[in-house]
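# Summary of the model geometry
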Amino acid sequence: MRADRLIAVLLLMQARGRVTAADLAGELEVSVATARRDLEALSAAGVPVYPQPGRGGGWSLVGGARTDLSGLTAQEAQALFLLAGPAASVSPQVKSALRKLVRALPDTFRAEAEAAADAVVVDPTGWGERGRDRPPMVDLLQSAVVQRRRVDLTYGGRGEPSRRVVDPWGLVDKDETWYLIAGTDKGRRTFRVERIIAADVLDQTAERPDDFELAAAWDEVVGEVERKRSLLSATVLVPARFVYVLRDQFGRHCHVEGTEADGRTRVRLAAPIALNIAQHLAGWGGLVEVLEPESVRAELARIGRELSDRYGPAE
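First things first, this report covers the structure right here in the doc. None of the values given here were measured: they were computed from a predicted structure. (Residues numbered from 1 in each chain as written. Predicted model: local features only at pLDDT ≥ 70, side-chain atom pairs only at ≥ 80, totals over all residues. Heavy atoms only, no water.)

### With respect to the packing of aromatic side chains
Note on aromatic pairs: each is described by the distance of the centres and the angle between the planes. Taken as a whole and assessed by the stated rule, the structure comprises four aromatic pairs. Centre to centre, the rings of Y155 and F191 are 5.1 Å apart; their planes meet at 80°, and the pair counts as edge-to-face. A residue pair is termed long-range when its members are at least 10 positions apart, and Y155 in strand β4 (residues 149–155) and F191 in strand β7 (residues 187–192) qualify at 36 residues. Of the residues examined, Y155 reaches a relative accessible area of 11% and is grouped as buried. Residues Y179 and W218 carry aromatic rings whose centres are separated by 5.3 Å and whose planes lie at 40° to one another, so their mutual orientation is tilted. Here Y179 is found in strand β6 (residues 177–184), whereas its partner W218 is found in helix α8 (residues 214–228), with 39 residues between them in sequence. Take Y179: its relative accessible area is 18%, and that puts it in the buried class. (Phe/Tyr/Trp six-rings, centres within 6.5 Å; stacked < 30°, edge-to-face > 60°. Helix = DSSP H or I, 4+ residues; strand = E, 2+ residues; numbered from the N terminus. Buried < 20%, exposed > 50% of the residue type's maximum accessible area, 1.4 Å probe, protein only.)

### Looking at the sheet that holds strand β12 (residues 289–292)
Taking strand neighbours across the sheet as the criterion, the four strands line up as β10-β11-β9-β12 in an open arrangement whose pairing is antiparallel. Lying at the two open borders of the sheet, with one neighbouring strand each, are β10 (254–259) and β12. Taken over all neighbouring pairs, the strand axes of this sheet differ in orientation by 30° on average, direction set aside. With seven bridges connecting them, strand β9 (residues 232–238) and strand β11 (residues 265–271) associate as antiparallel partners. By the bridge assignment for β11, L232 is matched with A271. This element, helix α10 (residues 274–281), spans β9, β11 and β12 of the sheet and lies at about 130° to β11. Helix α11 (residues 294–311) rests against β9 and β12 of the sheet, and its axis sits at about 145° to β12. (Pairing = 2+ DSSP bridges. Axes fitted to C-alpha atoms, helices over the stretch in contact; angles between N-to-C directions. Contact = heavy atoms within 4.5 Å.)

Keep in mind these numbers describe shape, not what the thing actually does.
Below you can see the structure in the form of structure tokens.
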């Protein structure tokens, strides 16, 4: 959930006492499903909101139909600011919203809430890596998603640039790489934002399935990508103390299967092709033994011969 929208939801609930997911969707220009997930995220974060089923029901803040933010306990205020605080370091709007929210809290909670907002820093850049700037195209696409406007895209991809009109459904930030999930004349498609060459927001209403949920759609995308990244498996033996290194290299495609009589750990690795596995393991030398398949063993032997020919002593 975006921190700025979290603040908006709380302020709306403070002003109205009770709201429905449909009310929030209309006010915040998001889908009803997204508004419902936002309310559930608040509850999961420890903010005292609860649903009231049935006719005339909705979601309310604990403490009365028309409470204010002083209804938050110290622990609940800390939970809220721990959730929203990290976003304030990169968004002036979120920082401004947090300042306003602090002023709405009881005096006894303010110091702890401010401390909670500063307690966590999110650094998405890996060791030795350069940080990526947020693509400027993200703001334009985000506006199109919220306002439900179609977009005329020119997309680079891997081949010749292509042009198409899409219905933008949502954006995903995965490890500082942004993706657009959109509807096209060929069905749902995922576009890498940094490959979008040009985008024009059209004065046409975008269509979006009533049952579309961004989180569920992204789970399907991730599942398909990871399936393609694990088409070939290899079984290897490695000293137990080095298993964590393989986990760092192969991530979810590294599975420990057991321990051999000599103390080494049997591990199953996966990658798109044999060469990918061999390239990762070549630098291990004799520390790792590949049991199967033969294709990975053959690639390692080929790499070894190439290194020997290049760096071995001259005859």
